[in-house]
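An overview of the molecular structure
Given next are the chains, with one letter for each unit.
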Amino acid sequence: MEIVIVGNGGREYALGLALQKECRIDGIYFYPGNGATSKLGKNINFDNEKEFVDFASKQKIGLVVIGPEAPLVKGLADDLRQKDILVFGPSSKAAQLEGSKAFMKEFVKRKGIPTANFIQTQDFKEASEFIEQLTPPIVIKADGLCAGKGVVIAQSYEEAKNTAKDMLSGKSFGEAGKKIIIEEYLEGFELSVFAMCDGEDFILLPPAQDHKRLLTGDKGPNTGGMGAYAPSPLADSTLLEKIKESIIVPTLKGMKEEGMPFSGVLFCGIMVVKNQPYLLEFNVRFGDPECEVLMPLFQNGLLDCLLGCAKGELKNVKYTIENRVCVGVVVASCDYPYKNSPPQVITLKENASQEAHFAFAGVSKEGDNLIASGGRVLVCVGKGNDVREAQKRAYEMVGKVNFQGMQYRSDIAYQAL
């Protein structure tokens, strides 16, 4: 069978790299891919998504794996399913769990899923009154998609009100911010928990931790993610059972009851407060860079899991997750996340080890040169028997990368150490 991976980031590269070893796959297409995915398969591009759907149909593509959230929210999975093409990814209705934070918060409130106290509003007066009832820091979220950057943690009433005003006016995030969610700040530790779902059944992947802040020591602005590791030792079996029973099970049951069964991967952003899990957010796709540290842990059965989700037949799928640890360190361009950086030629010392590799993201190709052309350029991934060994290997890979202005954090996985 031939498959297509939709997207152009490190997440899509990691999926392609992991699926390469599946003997049943005759070829991998990346739509549109990046400057390095062409090493794993063939990059394809189209003027619009209708042309892509027609291509997938004529080519008799066996499976389409949709990486990013935007095409899911727009309904690409629905269009493909109408042509009887198997898709890993939710319908546009189910994708509202990420596409609209207001929809998500109201859904979890209806289903009794633990989450922070909140309001959703389009009115600045109402927003200000609710802000006054909370104790800083205060969380302000844009309702729509903002590429992982639509959340501000305000440290004062004044900052919270100014943030709300800028979002509601469209100044901060355009249309995506004209409805906002204001919620109490929960104090604890964060976990990224991923469930691969077929609408009813699910497989829980090893819990991961992302590092959102730009700078070492959790300083600087929020980003799309500067590194991750999995599994996190902060999540024991008791906590994971609570997450399953109080968050994932009622979500899948509730989505099915409301006529929009969820298939694909459900990312649960969790805050653990005094050993109790609270839902911060849902994403309807693999996180990036979490995907880069989860995929190498699949010893076998990844394709079967993806197909099981797409067919609604996950219950009997066999797979093996290695009992090891992966750490991923993001190497970003000099001006990330503030603005686009000038393109720079990348020099790499390639590594043939099974224990460490690069996952390429914001890169393009010019002749024989690989160019750093995006914000997050690549992820250096190390695998080990424990966190320290995996971290050491990841940073050894960082030492094999060079381009002008490159930046990275020096403390990825510090929580586990």
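Residues numbered from 1 in each chain as written. Predicted model: local features only at pLDDT ≥ 70, side-chain atom pairs only at ≥ 80, totals over all residues. Heavy atoms only, no water.

1. Focus: helix α8 (residues 157-168)
- Here α8 contains 12 residues, and its C-alpha end-to-end distance of 16 Å stays within 8% of the 16 Å for a straight helix at 1.5 Å per residue.
- Tucked into the core, α8 has its buried residues touching β6 (118-121), α7 (124-133), β7 (138-142), β8 (151-154) and β9 (180-184).
- G170 sits one or two positions beyond α8 and adopts a positive phi of about 90°. (Helix = DSSP H or I, 4+ residues; strand = E, 2+ residues; numbered from the N terminus. Expected span 1.5 Å × (residues − 1). Contact = heavy atoms within 4.5 Å.)

2. Here we look at the sheet that holds strand β11 (residues 202-204)
- A sheet is described by the order of its strands in space; here 4 strands give the open sequence β11-β10-β16-β17, paired in antiparallel fashion. Since the sheet does not close on itself, it has two edges, and those belong to β11 and β17 (276-283), each with one partner. Each neighbouring strand pair of the sheet contributes to a mean axis angle of 30°, computed without reference to strand direction.
- Sheet topology places strand β16 (residues 263-273) next to β17; 7 bridges connect them, and they run antiparallel. Considered in β17, the bridge of F267 is made with N283.
- Each of β10 (189-198), β11 and β16 is contacted by helix α11 (residues 302-311), which is oriented at about 65° to β10, the strand it contacts most. (Pairing = 2+ DSSP bridges. Axes fitted to C-alpha atoms, helices over the stretch in contact; angles between N-to-C directions.)

3. Here we look at the pattern of salt bridges
- In the structure shown here, the tally under the stated rule is 25 salt bridges.
- Note that E22 is salt-bridged to R24, the shortest N-O span being 3.8 Å.
- By relative accessible area, E22 is classed as buried at 14%.
- One salt bridge connects E355 with R324, and the closest N-O pair in it is separated by 2.7 Å. Of this pair, E355 sits in the loop between β22 (347-348) and β23 (356-360) while R324 sits in the loop between β19 (320-321) and β20 (325-332); the two residues are 31 residues apart in sequence, bridging distant segments of the chain.
- Overall, E355 belongs to the partly exposed group, its relative accessible area being 22%.
- Taken together, the salt bridges that share partners define one network made up of R110, K111, K253, E257 and E258. (Salt bridge = Lys/Arg side-chain N within 4 Å of Asp/Glu carboxyl O. Buried < 20%, exposed > 50% of the residue type's maximum accessible area, 1.4 Å probe, protein only.)

4. Comments concerning the sheet that holds strand β1 (residues 2-7)
- Here we have 5 strands laid out as an open sheet, ordered β3-β2-β1-β4-β5, and parallel in their pairing. Each having just a single partner strand, β3 (42-43) and β5 (87-88) make up the two edges of the open sheet.
- Bridge count between β1 and strand β4 (residues 63-66): 4 bridges; the pairing is parallel. From the neighbouring strand, V6 faces β4, where its bridge partner is I66.
- α11 rests against β4 and β5 of the sheet, and its axis sits at about 95° to β4.

5. Overview of the pairing of β4
- What you see with β4 is no split at all: L63 and V65 on one side and V64 and I66 on the other are buried throughout.
- In the sheet, β4 pairs with β5 via 2 bridges, with the strands oriented parallel. Counted as the bridge partner of V65 is F88 from β5.

6. Describing the nonpolar core
- In this structure, L19, L63, F88, M196, F286 and M295 are the most contacted members of the largest nonpolar core, which totals 75 residues.
- Core analysis: the second largest hydrophobic core is formed by 47 residues, V4, Y29, V64 and A77 among them. (Core = buried A, V, L, I, M, F, W, Y, C linked by side-chain atoms within 4.5 Å.)

7. Focus on the layout of surface pockets
- By volume, the second largest pocket is sized at about 520 Å³.
- Lining the second largest pocket are 24 residues; nearest its centre among them are L17, S353, Q354, A356 and H357.
- Secondary structure elements with two or more residues in the lining of the second largest pocket: α1 (10-19), β23 and β26 (376-384).
- Here the residues of the lining of the second largest pocket are counted per class, giving 12 nonpolar, 6 polar and 6 charged. (1 Å grid on protein atoms, 1.4 Å probe; cavity = no way out; pocket = protein on both sides within 12 Å on 5 of 7 lines; lining within 4 Å. Points joined across faces, edges and corners; volume = space filled by probe spheres on them. Nonpolar A, V, L, I, M, F, W, Y, C, P; charged D, E, K, R; others polar.)

8. Here's the deal with the packing of aromatic side chains
- Scanning all chains against the criterion turns up 13 aromatic pairs.
- Ring centres 6.4 Å apart and planes at 10° place the aromatic pair F103 and F107 in the stacked group. Note that F103 and F107 are positioned in helix α6 (residues 101-110) at a spacing of 4 residues, about one turn of the helix.
- With a relative accessible area of 18%, F103 lands in the buried category.
- Assessed through its relative accessible area of 0%, F107 is described here as buried.
- Centroid distance F298 to Y319: 6.4 Å. Interplanar angle 50°. Geometry classified as tilted. Of this pair, F298 sits in strand β18 (residues 298-300) while Y319 sits in the loop between α11 and β19, and the two are 21 residues apart along the sequence.
- Look at F298 and you get buried, because its relative accessible area is 2%.
- An aromatic cluster is present here, built from Y29, Y31, F46, F52 and F55 joined pairwise through their rings. (Phe/Tyr/Trp six-rings, centres within 6.5 Å; stacked < 30°, edge-to-face > 60°.)

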